[in-house]
Amino acid sequence: MSPDSKPRRGVAAYVHGIKSDVELERLVDTCDVVVDAMGTFCPEPVIRTQNAARELSAGTVVMILADDAGVEIDLPAWCISTRNEYLGVLREPDKLRVFVRKAAPKAR
Amino acid sequence: MPEKKIRALGLMSGGLDSTLAANLIQNLGVEVLGLHFSTGFCVADRHRLLGNFNNRDKPYRNDALHAGAQLEVPVEIIDIKDRYLPEVVLNPKHGYGSGMNPCIDCRIFMLHRAKEIMAERDYDFIFTGEVLGQRPMSQRRPPMHMIEKETGLEGLLLRPLSAHVMPPTIPEEKGWVDRDKLHGIVGRGRHKQMQLAEEFGLVDYPQPAGGCCFLPDENYSRKLRDLLTFNGPDVDPDDMMLLKVGRHFRLGDDVKIIVGRHESENDFLERFRDGRGSVWVEDYSSPLTLIEGPLSAADLEFTCQITARYSAGRNESEIPVHWQVDGEQGQLRVQPLGEDRRLDEIRI
C-alpha cells in the first residue's frame, strides 16, 4: 500500500445501522417518508430510495419497505457512498424495513 | 473568491477498472460522482435475484455501490431499462458483437446520458475505466475515437488507466488532472490493475468473470431473439426477467414453457405464477414449469412429460404430474420423457 493511500472499508464495516431495534420500532410510526419497494429486485429499491431522497430536505427520515434481501447490503453501501445516514433495518418474516436519514448536501 | 473545484463524472460498473479510475481521479483532487447504469441485462443482478431469496445471511451486492462505499465516492444509479431495449439493443447502428451485445451503441448511449448530466449539473469532464485493447469490440483505438466523436465528447472523455497511450485530453491540457499521475495500461492482462489496487488499498473487488452483461452470452441471446420473434418488440418486462432463468422450450408460435433448473429458480419462477399455467411433480423433487400461452391437451401432456423428465422421478415408468391452467387444476399420470430428439428441436 502506498504511503498516501488509506485503508478502505470492507463490507463488515457498514452493514450495521446506528440505531437499536427499539429506536427503529419507534421510527416505523414517526418516519417522514415511506418508499415502497416491495416485490422489486435490486437495484430497484436503491433507485426508488435515491429518487425519493433527491426531493427531500436534510434530516428527513425515510423508511424503505422491501422483500429483496439485497437491500440489507446495498442500501448501507449507498448511504456511505452518498454520505446519507444508515439507521438500520428491522427484519420481519415477509419484509424488511430499512431506515435512512437524508444528509445535508455537501458544500461546493 | 475560492477557486472552483473541478468535478468529474465517472462511469462505474463496480468492476476493478472503473473503481481504479475513480480512485485515481479522486486522488488528483477532483470531486467525483459515479454513474452506474442499470440496463436490465446485468449478470450480477441475476445472481442477486436468485441468490437473495434463500440467502439473507450473505446477500449478493451491487458492486458499483460497494465500490462507491469503499472510495467514499457518491454513486448514482441511472435507470435506463425502458429506453435501452428499443433504442440500443434492437437497433444498434454499429452492430452486434458475438451475441446480441451492441457494445459500441451501449457505450454511446451511456455517454450521451452522462453528457446530459454533465451539462445539467455543471460537471467539467467524464472519465471511464476503459483500457485500450481490453475488449475486442469497443475498447480498440478506432471505436474509442469514434465514440468520442459521436457523443460530442472529444477532449472531455478521459480514460485514466490508458491515458498515456491516448492523445492528451482537455482535463490534462488545462492541468485539471496531472497527466503524469495517470497510466498507460494496454491489453487484456490484469496484472497492472491488481498492482494498483494493492497500492490504493483496495482489497475487496469483484474478480473479472467474463463481463457483467448478459447480451454477449450465446444462450441468453438465443432466448432474447426468440422472444422478440414471437412476441414482437413491445416486450413485457416480466418476460424479459424470465429469460434469465430456467430451460426454455417453444411448443408453438404462441406457447413457450420455462422449466426451473434448481430450487432457487423454482422460487424465482413462483413469483411469476400469476396469470401463467404451471406444472410440477409432488411426489419427487421437481422443477416448477411455467407455461406461457394457450396450451392444447397434447401440449399439456408433453409439458408434464418434460417436467417429469427433470424431476427426481425421471427413472420411474409412470408418475403423477400436477397442472394448473386458467384457474383449473388436475393431475396426469405420464411416462417421464426419455432421450428424445423432440426436446432438442424445441429447446430455445
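For every chain, the first residue of the written sequence is number 1, and numbering continues from 1 along that sequence. By the order in which they are written, chains take letters starting at A while ligands take numbers starting at 1. The model is predicted, so local features are restricted to residues of pLDDT at least 70 and side-chain atom pairs to those at 80 or more, both for listing and for counting; the totals for chains, interfaces and linings are taken over all residues. Side-chain measures were taken over the full set of non-hydrogen atoms in the model, leaving aside hydrogen atoms and water.

A. Representation of the overall build of chain A within the structure. The number of helices and strands found in chain A is three helices and four strands. Looking at chain A as a whole, 52% of its 108 residues qualify as buried. Contacts were defined at the residue level, with two residues in contact if any of their heavy atoms lie within 4.5 Å. Put simply, 72% of the contacts in chain A that link residues at least 6 apart link residues at least 24 apart. Where accessible areas are quoted, they stem from the Shrake-Rupley method and a 1.4 Å probe; at the residue level, only the protein chains shown are allowed to cover. For chain A, the exposed area adds up to about 5,200 Å²; of that, 51% sits on carbon and sulfur atoms. Elements are defined by DSSP. Helices are runs of H or I of four residues or more, strands are runs of E of two residues or more, and each kind is numbered from the N terminus. Exposed residues in this analysis have more than 50% of their type's maximum accessible area, buried residues have under 20%, and partly exposed residues fall in between, with area computed by a 1.4 Å probe over protein chains only.

B. Highlighting the overall build of chain B. Each helix and strand counted, chain B has 13 helices and eleven strands in total. In chain B, which comprises 348 residues, the proportion classed as buried is 55%. Relative to all contacts within chain B whose residues are 6 or more apart in sequence, the contacts with residues 24 or more apart total 64%. Carbon and sulfur atoms provide 47% of the accessible area of chain B, an area that totals close to 15,800 Å². The average position of the 43 basic charges and that of the 54 acidic charges among the side chains of chain B differ by 5 Å. When charges are counted, Lys and Arg contribute as positive and Asp and Glu as negative, whereas His and the chain ends are disregarded. In this description, the location of a charge corresponds to atom NZ of lysine, CZ of arginine, CG of aspartate or CD of glutamate.

C. Structural view of the interface of chain A and chain B. On the side of chain B, 41 residues touch chain A, which itself brings 35 residues to the contact. Together chain A and chain B conceal approximately 3,100 Å² of surface at their shared face, both sides included; 51% is due to carbon and sulfur atoms. Salt bridge criterion: a side-chain nitrogen from Lys or Arg within 4 Å of a carboxyl oxygen from Asp or Glu. Connecting chain A to chain B are three salt bridges. A salt bridge links A:Glu44 to B:Lys81, with the nearest nitrogen and oxygen atoms 3.8 Å apart. Polar contacts here mean pairs of N or O atoms no more than 3.5 Å apart (in protein, one a potential hydrogen donor and the other a potential acceptor; neighbouring residues in sequence count only if both atoms are side-chain atoms). For the interface between chain A and chain B, the tally reads five residue pairs in polar contact (both at pLDDT 80 or more). Only α2 (44-54) and α3 (71-82) of chain A provide two or more residues apiece to the side of chain A that touches chain B. When two parts are put together, the accessible area they lose, computed with a 1.4 Å probe and summed over both, is reported as buried area.

D. Examining the confidence of the model for chain A more closely. For every residue, the predictor assigns a confidence score, pLDDT, that lies between 0 and 100. For chain A, the mean per-residue pLDDT works out to 85, and 82% of the residues sit at or above 70. Scored below 50 in pLDDT, residues 7-14 of chain A makes 22 contacts in the model with residues more than four places away or belonging to other chains.

E. Highlighting the sheet that holds strand β9 (residues 289-292) of chain B. Residue and element names in this part refer to chain B. Whether two strands pair depends on DSSP finding at least two bridges between them. Across the sheet, which stays open at both edges, the six strands sit in the order β6-β7-β9-β8-β10-β11 with antiparallel pairing between neighbours. Two strands in the sheet have a free side with no partner beyond their single neighbour: β6 (247-252) and β11 (328-334). Averaged over all adjacent pairs, the angle separating strand axes in this sheet is 20°, with direction ignored. In the sheet, strand β7 (residues 255-259) pairs with β9 via four bridges, with the strands oriented antiparallel. Pairing of Lys 256 across the sheet is with Glu 292, part of β9. Seen against the sheet, helix α12 (residues 297-309) touches β6, β7, β8 (277-280), β9, β10 (319-325) and β11 and runs at an angle of roughly 65° to β11. A fitted line through C-alpha atoms represents every axis, and for helices the fit uses only the stretch in contact; the resulting angles, taken between N-to-C directions, go from 0 to 180 degrees.

F. A look at the packing of helix α5 (residues 103-121) of chain B against helix α6 (residues 141-151) of chain B. Residues and elements named next belong to chain B. Packing of α5 against α6 brings their axes to within 9 Å, and their N-to-C directions diverge by 40°. By the angle between their axes, α5 is oblique relative to α6. For the crossing formed where α5 meets α6, the hand is right-handed. Across the interface between the two elements, Ile 104, Arg 107, Ile 108, Leu 111, His 112 and Lys 115 from α5 touch Pro 143, Met 146, Ile 147, Glu 150 and Thr 151 from α6. Angular relationships are summarised with four words: roughly parallel below 35 degrees, roughly antiparallel beyond 145, roughly perpendicular across 65 to 115, and oblique for the angles in between. Take the far helix as the reference: if the near one is turned anticlockwise from it by less than a right angle, the crossing is left-handed, and if turned clockwise, right-handed.

G. A look at the domain arrangement of chain B. Domains assigned within chain B are domain 1 (7-200) and domain 2 (245-346). For each domain, the first and last residues come from an automatic or database assignment. A straight line from the C-alpha centre of domain 1 of chain B to that of domain 2 of chain B covers 42 Å.

H. Structural view of helix α8 (residues 191-200) of chain B. Residue and element names in this part refer to chain B. Along α8, the positions that sit buried rather than exposed are Gln 193, Leu 196, Ala 197 and Phe 200. The buried side chains of α8 occupy one side of the element, clustering within an arc of 105° when seen end-on. In α8, those exposed residues whose orientation departs by more than 90 degrees from the buried face are His 191 and Glu 198. Structurally, α8 contributes buried residues whose contacts are with α1 (16-27). Here the arc refers to the set of directions running from the helix axis out to each C-beta atom.

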